[in-house]
Amino acid sequence: MTTLSSGFARARRWLRDHPLAFDATLAFCTLVAMICSSFTDPGDGHGPPAFGARTPELFSVLLMTLTAAALVLRRRRPMQVLAVTAALAAVEYVLMDPPAPVVMSTVIALYTVASRTDRPTTWRVGLLTMGGLTAAAMVFGSTPWYSQENFGVFAWTGLASAAGDAVRSRRAFVDAIRERAERAERTREEEARRRVAEERLRIARDLHDVVAHHIALVNVQAGVAAHVMDKRPDQAKEALAHVRDASRSALNELRVTVGLLRQQGDPEAPTEPAPGLAVLGELVTTFRNAGLPVEVACADRDRLPAAVDLAAYRVIQEALTNVRKHAGAGARAEVSVVRVGATAEVTVLDIGRGSAGRRPGTGPAGGTGPAGGPGDGDGQAGGGHGLVGMRERVTALGGALTAGPRYGGGFRVHAILPVEARTGEPDRPGTAGGTGLRR
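A short tour of the structure in this document, coming up. No experiment lies behind these values; they were computed from the predicted model shown.

1. Structural notes on the overall build of the chain
So, point 1. Per the secondary structure count, the chain includes 11 helices and seven strands.
So, point 2. In the chain, which comprises 439 residues, the proportion classed as buried is 39%.
So, point 3. Residue pairs in contact within the chain that sit at least 24 positions apart in sequence constitute 66% of those at least 6 positions apart.
So, point 4. Approximately 24300 Å² of the chain is accessible, and the part contributed by carbon and sulfur atoms is 60%.

Below you can see the structure in the form of structure tokens.
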């Protein structure tokens with residue numbers, strides 16, 4: 001049974017791949033059926049049909065052969081094939097008595113037209129064919145007009161129209177489902193690519209913030225240690241201890257960030273919580289140990305949403321890192337986090353004379369303020385990615401960021417973050433536009 005079913009399946013696939021061969025086979029089977037039916041006498045309706053009671057005329061055989069041959073082209077020329085078969089069937093009804101079943105070919109041709117055209121065309125052509133052939137059978141046949149053979153012509157042609165229309169509707173439905181599935185698959189792939197790109201950007205921001213902050217502290221403390229190594233070894237040891245603490249913190253935060261990239265089956269990622277304003281004191285302490293006086297005014301630090309809390313922390317971290325790197329000797333910073341209605345305002349101010357070797361008025365991020373202002377987290381070679389990263393973080397939540405020189409010297413970074421973060425929204429032009437924010 002399995003071998004037989006597989007053989008039928010192979011034959012079906014072959015015929016589906018070779019439609020002309022299928023149509024030729026169908027035409028041959030139709031011709032055999034018409035010829036066999038032409039030898040059958042239906043009788044008077046009171047007894048079974050008698051096979052071999054009559055013999056078809058040569059002209060009828062010719063018409064049956066022509067209509068069967070026309071079916072070979074039914075897919076390529078459906079309307080023309082229907083016209084030919086219907087005309088030959090009508091000729092058979094007019095000239096021959098009793099007529100041979102030439103109308104079988106017309107039924108198949110009408111089904112083909114109905115399955116390949118729209119519904120209005122199907123019913124117009126179907127009604128014309130049904131009415132024409134039924135009228136020819138009633139008018140020119142020797143049987144009464146109400147005989148079952150005449151109504152059989154009407155029924156078979158109507159059935160062919162309805163079946164073809166149903167097949168066409170089903171094909172359209174299946175094609176629509178397939179097209180929707182393909183579109184949904186493409187949409188899923190595009191959404192996956194978009195999310196991957198957003199995740200990569202977020203991880204890049206985190207890596208930049210972590211590395212820039214800790215490497216800046218390590219650089220400062222290492223310089224202090226080298227400067228006082230010979231004269232004040234105790235202070236050098238303290239600076240090296242700060243270097244060790246800063247490097248350990250950098251490694252821990254990098255491990256947390258990179259752990260997000262692990263796949264299923266990899267070792268379990270670290271479970272430390274993401275940094276936020278709750279650990280702002282520890283962040284400020286690292287800067288104070290590096291020689292930067294920082295004053296903090298922070299309210300409601302534990303009541304912000306997680307995304308807003310992290311963004312505020314990163315903005316403060318990046319701004320203080322830039323102050324320490326670029327504000328020069330004697331600089332100090334002020335940090336404030338204030339809840340104002342439905343927003344949280346983060347402000348970082350620095351007062352400094354700028355790093356040596358930089359002209360006033362050419363800040364590292366392209367601003368017009370003093371060089372001591374927060375530029376990019378990587379100095380001149382960084383290309384301004386520090387401010388760009390802060391702006392992207394804030395605008396991703398639907399907030400606004402401004403950065404620029406202060407009146408009287410120094411630099412100011414001000415971020416407005418909505419308490420209800422709208423993560424995932426596209427950046428809106430102008431929401432973070434401020435002095436010093438140049439790409």
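Now that the structure has been shown, we can carry on.
2. Some thoughts on the packing of helix H5 (residues 103–116) against helix H6 (residues 119–140)
So, point 1. Viewed as axis vectors pointing N to C, H5 and H6 meet at an angle of 165°, and their least axial separation amounts to 10 Å. As summarised for this structure, H5 and H6 are arranged roughly antiparallel, according to the angle between their axes. Crossing angle aside, the handedness with which H5 passes H6 is left-handed. Along the contact surface, H5 presents Val103, Thr106, Leu110, Val113 and Ala114, while H6 presents Thr122, Val125, Gly126, Thr129 and Leu133.
So, point 2. Partitioning the contact of H5 with H6 into residue classes produces six nonpolar, four polar and no charged.

3. So, the nonpolar core
Generally speaking, nonpolar side chains in soluble globular proteins are found buried as a group.
So, point 1. The biggest cluster of nonpolar side chains holds 38 residues, and the ones touching the most others in it are Val294, Ile316, Leu320, Val346, Val413 and Leu417.
So, point 2. Mapped by element, the contributors of at least two residues to this core are helix H7 (148–228), helix H9 (280–289), helix H10 (306–326), strand S4 (332–340), strand S5 (343–351), helix H11 (385–396), strand S6 (400–405) and strand S7 (411–418).
So, point 3. Top contributing element to this core by residue count: H10, with nine residues.
So, point 4. Ignoring any residue separated from it by four or fewer positions in sequence, one finds leucine 320 in contact with Phe287, Leu292, Val294, Ala333, Val335 and Val348.
So, point 5. Counting residues in each nonpolar core, the second largest holds 15 residues, with Leu63, Val103, Leu133 and Ala136 among its members.

4. Notes on the packing of helix H2 (residues 19–38) against H5
So, point 1. Running from N to C, H2 and H5 cross one another at 145°; their axes reach a closest spacing of 9 Å. Where H2 crosses over H5, the handedness of that crossing is right-handed. Of H5, the residues touching H2 (which contributes Leu26, Thr30, Ala33, Met34 and Ser37) are Met104, Ser105 and Ile108.
So, point 2. When the residues that make up the contact of H2 with H5 are grouped by side-chain class, the tally is five nonpolar, three polar and no charged.

5. Looking at the pattern of salt bridges
So, point 1. In the structure shown here, the tally under the stated rule is 10 salt bridges.
So, point 2. The shortest N-O distance in the salt bridge between aspartate 165 and arginine 168 comes to 2.8 Å. Residue aspartate 165 and its partner arginine 168 are located together in helix H7, separated by three residues, close to a single helical turn.
So, point 3. A relative accessible area of 8% means that aspartate 165 is categorised as buried.
So, point 4. One salt bridge connects arginine 332 with glutamate 334, and the closest N-O pair in it is separated by 3.0 Å.
So, point 5. What makes arginine 332 partly exposed here is its relative accessible area of 35%.
So, point 6. Linked through salt bridges whose partners overlap, the residues forming this network are Asp23, Arg74 and Arg75.

6. Brief notes about the environment of glutamate 334
So, point 1. Examined against the element boundaries, glutamate 334 turns out to sit in strand S4.
So, point 2. Taking C-alpha positions, glutamate 334 is 8.0 Å from alanine 297, a pair spaced 37 residues apart along the chain.
So, point 3. Setting aside anything within four residues of it in sequence, one finds glutamate 334 in contact with Glu295, Thr347, Val348 and Leu349.
So, point 4. Here the side chain of glutamate 334 touches arginine 332 through a polar contact of 3.0 Å, side chain to side chain.

7. Some points on the sheet that holds S7
So, point 1. As summarised here, the arrangement of the five strands in space is S3-S4-S5-S7-S6, forming an open sheet in which the pairing is mixed. In this open sheet, the two strands that pair with only one neighbour each are strand S3 (294–298) and S6. Direction aside, the axes of adjacent strands within the sheet are offset by 10° on average.

Scoring rules and cut-offs
Residues numbered from 1 in each chain as written. Predicted model: local features only at pLDDT ≥ 70, side-chain atom pairs only at ≥ 80, totals over all residues. Heavy atoms only, no water. Helix = DSSP H or I, 4+ residues; strand = E, 2+ residues; numbered from the N terminus. Buried < 20%, exposed > 50% of the residue type's maximum accessible area, 1.4 Å probe, protein only. Contact = heavy atoms within 4.5 Å. Areas by Shrake-Rupley, 256 points an atom, 1.4 Å probe, with all protein chains shown as cover. Axes fitted to C-alpha atoms, helices over the stretch in contact; angles between N-to-C directions. Parallel < 35°, antiparallel > 145°, perpendicular 65-115°, else oblique. Left-handed = near helix turned anticlockwise from the far one by under 90°. Nonpolar A, V, L, I, M, F, W, Y, C, P; charged D, E, K, R; others polar. Core = buried A, V, L, I, M, F, W, Y, C linked by side-chain atoms within 4.5 Å. Salt bridge = Lys/Arg side-chain N within 4 Å of Asp/Glu carboxyl O. Polar contact = N/O pair within 3.5 Å; in protein donor to acceptor, adjacent residues only side chain to side chain. Pairing = 2+ DSSP bridges.

These figures capture arrangement, not role.
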